[in-house]
Amino acid sequence: MPVSSTPSEALPAHVAIIMDGNGRWAEARGLTRSEGHRAGLEATRQAVRFFAEQGVDTLTLFAFSSENWSRPRDEVEALFELFVSAIEAELPELVERGIALTFIGDRASFPQDLQARMTEAEQASARNERMRLVVALGYGGRWDILQAARRWVAGGDEAPDPEASFSGYLSTAGLPDVDLLIRTGGERRISNFLLWQSAYAELLFIETFWPDVSTAELQEGLSWYARRQRRFGRVIASAAGPEPGEVPSA
Ligand code: IPE
Ligand code: IPE
Ligand code: MG
């Protein structure tokens, strides 16, 4: 479907998505939760294409959290199988589209075949420059801050800008901070996603379950973002007129 594009100055450099609602989408249709995750994969494919076409620099997708290890074993295993087959199936198109794929999170406990596919995909797409696609697997914001803190302290980094230096130890080192954080599925929480990196993100919560999210809804999200006034703690004179005591410019 053709979509209107957003002017580049109003485009978020980094979009992060908590892709939530697969299970409820499936339950509402009498399907298994795993079938919901499969349907979610199709929405993911569309979203990746959409944001790459829009010219977004970095797209980070939350696919499996540190806390998701507490789900029933069969759901976790089905998810891992889905990740393996999705990486295999999608990698050629990602490479063709110039998308570099990386993973963040603690992958040490993942099945060996999944770990191998992840590393292969990172290597095969590393030279791509059109968009960075970051998939958060086994990821938790607290885990990330802790692993960074340990290495930061061990490094004895006395940098003049400690926040910037600390950011370089996070799993997202080198990526811009999150500008737009979208959560689908109706919940209004962060669920331990990119805690440090979302400090000044615009938060967009939408009701739609992830498998039903359309390109049109993502476009609306970008338009909503373009209308936000990002102040970063500053005072910005309103468009309505000068602040009291302020001299209007000629
Ligand atoms: C998000 O959908 C996908 C993962 C966490 C893997 P859910 O599985 O959380 O779906 P709901 O929230 O139960 O509907
Ligand atoms: C967040 O969704 C994690 C992912 C989308 C991967 P959850 O469904 O796990 O979050 P909670 O448990 O509702 O907070
Ligand atoms: Mg959920």
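Residues numbered from 1 in each chain as written. Chains lettered and ligands numbered in written order. Predicted model: local features only at pLDDT ≥ 70, side-chain atom pairs only at ≥ 80, totals over all residues. Heavy atoms only, no water.

**A short note on the pattern of salt bridges**
Counted under the stated rule, the structure contains 21 salt bridges. One salt bridge connects Glu42 with Arg45, and the closest N-O pair in it is separated by 2.0 Å. You can see Glu42 and its partner Arg45 sitting in helix α2 (residues 33-54), three residues apart, about one turn around the helix. Residue Arg45 is classed as partly exposed on the basis of its relative accessible area, which comes to 25%. (Salt bridge = Lys/Arg side-chain N within 4 Å of Asp/Glu carboxyl O. Helix = DSSP H or I, 4+ residues; strand = E, 2+ residues; numbered from the N terminus. Buried < 20%, exposed > 50% of the residue type's maximum accessible area, 1.4 Å probe, protein only.)

**Quick look at the nonpolar core**
Residues Ile17, Phe51, Leu59 and Leu133 are the most contacted members of the largest nonpolar core, which totals 42 residues. Sequence-distant contacts of Leu133, defined by excluding residues within four places in its chain, comprise Val48, Leu59, Leu61, Leu94, Ile99, Ala100, Leu101 and Thr102. Counting 13 residues, the second-largest nonpolar core is a separate cluster that includes Val134, Val178, Phe193 and Leu194. (Core = buried A, V, L, I, M, F, W, Y, C linked by side-chain atoms within 4.5 Å. Contact = heavy atoms within 4.5 Å.)

**So, the side chain of Gln147**
Along the chain, Gln147 falls in helix α5 (residues 141-155). What makes Gln147 buried here is its relative accessible area of 16%. Only 3.2 Å separates the side chain of Gln147 from the backbone oxygen of Tyr169, close enough to count as a polar contact. Discounting residues that sit within four places of it in the chain, Gln147 has contacts with Tyr169, Leu170 and Ser171. (Polar contact = N/O pair within 3.5 Å; in protein donor to acceptor, adjacent residues only side chain to side chain.)

**So, the layout of surface pockets**
Considered as a void within the structure, the largest pocket measures approximately 960 Å³ in volume. Taken together, 44 residues make up the lining of the largest pocket; nearest its centre are Met19, Asn22, Phe62, Ala63 and Phe64. Elements supplying a minimum of two residues to the lining of the largest pocket: α1 (22-27), α2, β2 (58-65), α3 (73-96), β3 (99-104) and β4 (131-139). Here the element with the most residues in the lining of the largest pocket is α3; it accounts for nine residues. (1 Å grid on protein atoms, 1.4 Å probe; cavity = no way out; pocket = protein on both sides within 12 Å on 5 of 7 lines; lining within 4 Å. Points joined across faces, edges and corners; volume = space filled by probe spheres on them.)

**A look at the site of ligand 2**
Taken together, Ile18, Met19, Asp20, Phe62, Ala63, Phe64, Asn68, Arg71, Arg183, Arg189 and Ser191 are the residues near ligand 2. Within the contact set of ligand 2, an oxygen atom lies 2.9 Å away from a side-chain nitrogen or oxygen of Asn68. Here an oxygen atom of ligand 2 and a side-chain polar atom of Arg183 are 3.3 Å apart. Contact with the protein chains removes 78% of the 390 Å² of surface that ligand 2 exposes when unbound. With respect to the pocket detection grid, ligand 2 is positioned in the largest pocket. Ranked by residue count, the leading element in the shell around ligand 2 is β2, at three residues. Its residues assigned to classes, the shell around ligand 2 shows five nonpolar, two polar and four charged. (Near = heavy atom within 4 Å. Areas by Shrake-Rupley, 256 points an atom, 1.4 Å probe, with all protein chains shown as cover. Sits in = over half its atoms within 2 Å of the grid points. Nonpolar A, V, L, I, M, F, W, Y, C, P; charged D, E, K, R; others polar.)

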